[in-house]
Amino acid sequence: MFNYTFHWNQALRALPQMLDGALVTLQVAVLSMVIGLACAIALTGFRLSGSRILSGIAAVWVEVARNTPALFQIYMAHFGLGNFGIHLSPYAALLAGIAFNNAGYLAENFRGALKAIPETQTRAGRSLGMNSLQAFRFIVLPQMLRVAYLPATNQMVWAILMTSLGVTVGMNTDLAGVTQELNARSFRTFEFFAIAAVIYYFIAKAVTLAARALAWRMFRY
Amino acid sequence: MIEIENAHKSFGNLEVLKGINLNVEKGEVVTIIGGSGSGKSTLLTCINGLEPINAGRIRIDGTEVHAKTTDLNKLRQRVGIVFQQWNAFPHLTVLENVMLAPRKVLGLSRDKAEEIAVKQLTHVGLHEKLSVYPNRMSGGQQQRMAIARALAMSPEYMLFDEVTSALDPMLVGEVLDTLKMLAEEGMTMICVTHEMAFARDVSDRVAFFHQGVMAEIGAPDEIFGSPRKPETQEFLGSVR
Ligand SMILES: Nc1ncnc2c1ncn2[C@@H]1O[C@H](COP(=O)(O)OP(=O)(O)OP(=O)(O)O)[C@@H](O)[C@H]1O
Ligand SMILES: [Mg+2]
C-alpha cells in the first residue's frame, strides 16, 4: 500500500540549486510585471484614444488575456509565434506570455480605477484653472493609483505562480524547471515538489507583505 | 463686472436658460433663489465656462467667456466657484488641497503657496487642521476648506452654488458666516441659496428664477417684502 520512503537529505542537498531557480522565477515575474504595466498603460491610452482601431486592439488583447488559460498564452508565444518564423527562447516566451496576461488584467484594473474617480473631482480641478492634463496628473492619477494598487499586487503574486508554467515550453532554469529536472533524475517527486511549494509560498508571501508595507507608506489618507 | 446678455442654454431638447440678462457690479452680492430645476446651477457653470451656452453672451471684465479665443483656464483663475458637494481632494491634506492650484496653475513657489494657503485657511477658521486629511473633517469644515481653496487663487469674483445644502443643519451656520464675512470684505459674489434669511441679510440684490427665466430681481426688501410676481409670492410662501 504505502511503501514510499522519504529521502529528505538528498532533496535538501539540492536546495542551493532550487534557490538559484527561485531567483530566476522572481526575475521573470518582476520583468513581466514591468512590461505588463507599460503595455497596460498603453492599452488604457488606446481605449481612451477614440480611435476605433486602437480601442479594437485593446479590447481584443484584454478579452484574450482574461478569458483564455495562461498556459495557452505562453504556448502561443513559444509555438504559435514559431509558426510565423519568430522563435522565442523558453525564457523569452514565458516572459512574453505572462507579460501579455498581466497587461490584460492590469488594463482592466486601470479602467475600473478610472471609473472610480468621480467626474466632479476633475471639474473641481478645472474650476481652479487647471487644464485637463493637470487635473488628471495631480487629482485623478494619484487617486487611481490607490484604487489600482491592491489588484496590481495580486497580479504580481499571480505572475510569480504563472512562471511555473514555463516547464511546458522547456524552461529549465526557474524554480519549477529546476525542480522538474531534479525530479526526473532522482524520482524523489514528493520531496522536491514539497520544497518547491514552500519556496513559492515564501516568495509570494514576501511580495504581499512588502507591497502592504509600501502601501502604508504611500497612501496616508 | 459680470455681464450676462440674453443667455440661452439647452440640454438636448430641454431649454434650461431662456434668455437671462443680469449685470453684477464689482463689490456687489447677488443671490439667486428659485425652485429646483429652474436653471440656477446651470447659470453659474455657464458663467465660468464649465458649460457652453447656445446663444447670448457672458462677459467678465469685458472678456467674452464663450469666445473661441478666450483662455478659460486663465479666466477661471479670476472666477472662483464652490459647489454644493465640496469635492475635497481626498489624497491631499487640507494644506495641500489649498496649495495645489496656486503652485501648479499660478506657478508659485512652495513657500509662497504655503503662505497664501495658511492665510486663507486661517481666514475660514481651519488653521488647526492644516495637516489633516479631508475625510477626517466634518462637511462644514470641508466646505470651508473648499472656499479657502478657491480664495487662494485670489479670484475677483466668487460663485457659490448652494454651498450649505448638503450640510447637517448644525453645520450650516459656520459656512454661512464665512460667506457673510467675504461679503463684508467686499468680494463680488453670486450665491445660489435656499437660505432665505441669509439672502435677505447679505444681498445687495436678490434674483428669483422660475423655469429658466429670471422672473424678478430687486433689493431684498422688495423681493421678500413685496414681491410683484405671483410665482415669486408662491415660491416664498412655500419656503417659509
Ligand atoms: N448636464 C446636464 N445634462 C442634462 N440636463 C441637465 C444637466 N444639468 C442640468 N440639467 C437639467 O437642467 C435643468 C436645470 O438644472 P439646474 O441644475 O440648473 O437647476 P437648479 O435651479 O440648480 O436646481 P436645484 O435647486 O435642484 O439645484 C434641470 O431640469 C436639470 O435636470
Ligand atoms: Mg442647483
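Note that the coordinates shown come from a computational prediction; the quantities given were computed from them, not determined experimentally. (Residues numbered from 1 in each chain as written. Chains lettered and ligands numbered in written order. Predicted model: local features only at pLDDT ≥ 70, side-chain atom pairs only at ≥ 80, totals over all residues. Heavy atoms only, no water.)

Enquirer: Let's hear about the site of ligand 1: which residues, and what values?
Expert: Residues and elements named next belong to chain B. The local shell around ligand 1 holds 13 residues, among which Ser36, Gly37, Lys40, Ser41 and Thr42 are the closest. Within the side chain of Ser36, a nitrogen or oxygen atom sits 2.6 Å from an oxygen atom of ligand 1. At 3.0 Å, a backbone N or O of Gly39 approaches an oxygen atom of ligand 1. Looking at which element gives the most residues to the shell around ligand 1, the answer is helix α1 (residues 40-47), with 3 residues. (Near = heavy atom within 4 Å. Polar contact = N/O pair within 3.5 Å; in protein donor to acceptor, adjacent residues only side chain to side chain. Helix = DSSP H or I, 4+ residues; strand = E, 2+ residues; numbered from the N terminus.)

Enquirer: Describe the pairing of strand β3 (residues 29-34) of chain B, listing the residues and the values that go with them.
Expert: All names here are of chain B. Summarising burial for β3: 6 of the 6 residues are buried, a large majority. On β3, burial covers both faces: Val29, Thr31 and Ile33 on one face and Val30, Ile32 and Gly34 on the other are all buried. Bridge count for β3 against strand β8 (residues 188-192) is 4 bridges, and the pairing is parallel. What sits directly across from Thr31, in β8, is Cys191. Note that β3 and strand β9 (residues 205-210) share 5 bridges and pair parallel. Bridging across to β9, Ile33 finds its partner in Phe208. (Buried < 20%, exposed > 50% of the residue type's maximum accessible area, 1.4 Å probe, protein only. Pairing = 2+ DSSP bridges.)

Enquirer: An account of helix α9 (residues 230-239) of chain B is requested, with residue identities and associated values reported.
Expert: Residue and element names in this part refer to chain B. For α9, every residue scored as buried is listed here: Thr232, Phe235 and Leu236. The buried residues of α9 occupy an angular sector of 95° when the element is viewed end-on, so they sit on one face. Opposite its buried face, α9 presents the exposed residues Pro230, Glu234 and Ser238, each directed more than 90 degrees away. Against β3, α7 (196-202), β9, β10 (213-218) and α8 (220-225) lie the buried residues of α9. (Arc of directions from axis to C-beta. Contact = heavy atoms within 4.5 Å.)

Enquirer: Lay out the sheet that holds strand β6 (residues 79-82) of chain B in plain terms, naming residues and giving numbers.
Expert: Residues and elements named next belong to chain B. The 6 strands are arranged β6-β7-β8-β3-β9-β10 in an open sheet whose pairing can be described as mixed. The sheet is open, and its two borders are formed by β6 and β10, each paired with just one other strand. Put simply, the sheet's adjacent strands are angled 15° from each other on average, direction ignored. Looking at chain direction, β9 and β10 are connected through 5 bridges and run antiparallel. Of the residues in β10, the one forming a bridge with Ala207 is Ile217. (Axes fitted to C-alpha atoms, helices over the stretch in contact; angles between N-to-C directions.)

Enquirer: So what's going on with the pattern of salt bridges? Which residues, and what values?
Expert: All names here are of chain B. Using the criterion set out here, one finds 15 salt bridges over all chains in the structure. Residues Arg57 and Glu5 are paired through a salt bridge, measuring 3.8 Å at the closest nitrogen-oxygen approach. With Arg57 in strand β4 (residues 55-60) and Glu5 in strand β1 (residues 2-11), this residue pair connects regions lying 52 residues apart in the sequence. Overall, the relative accessible area of 33% leaves Glu5 in the partly exposed class. It is possible to trace a salt-bridge network through shared partners that takes in Glu3, Glu5, Arg57, Arg59 and Glu64. (Salt bridge = Lys/Arg side-chain N within 4 Å of Asp/Glu carboxyl O.)

Enquirer: Could you give an account of the environment of Ala196 of chain A, naming the residues involved and the relevant values?
Expert: All names here are of chain A. Within the element layout of this structure, Ala196 appears in helix α9 (residues 189-218). Judged by relative accessible area, Ala196 falls into the buried class, the value being 4%. Filtering out sequence-adjacent residues up to four positions away, Ala196 remains in contact with Met18, Leu175 and Thr179.

That is the geometry; function is a separate question.
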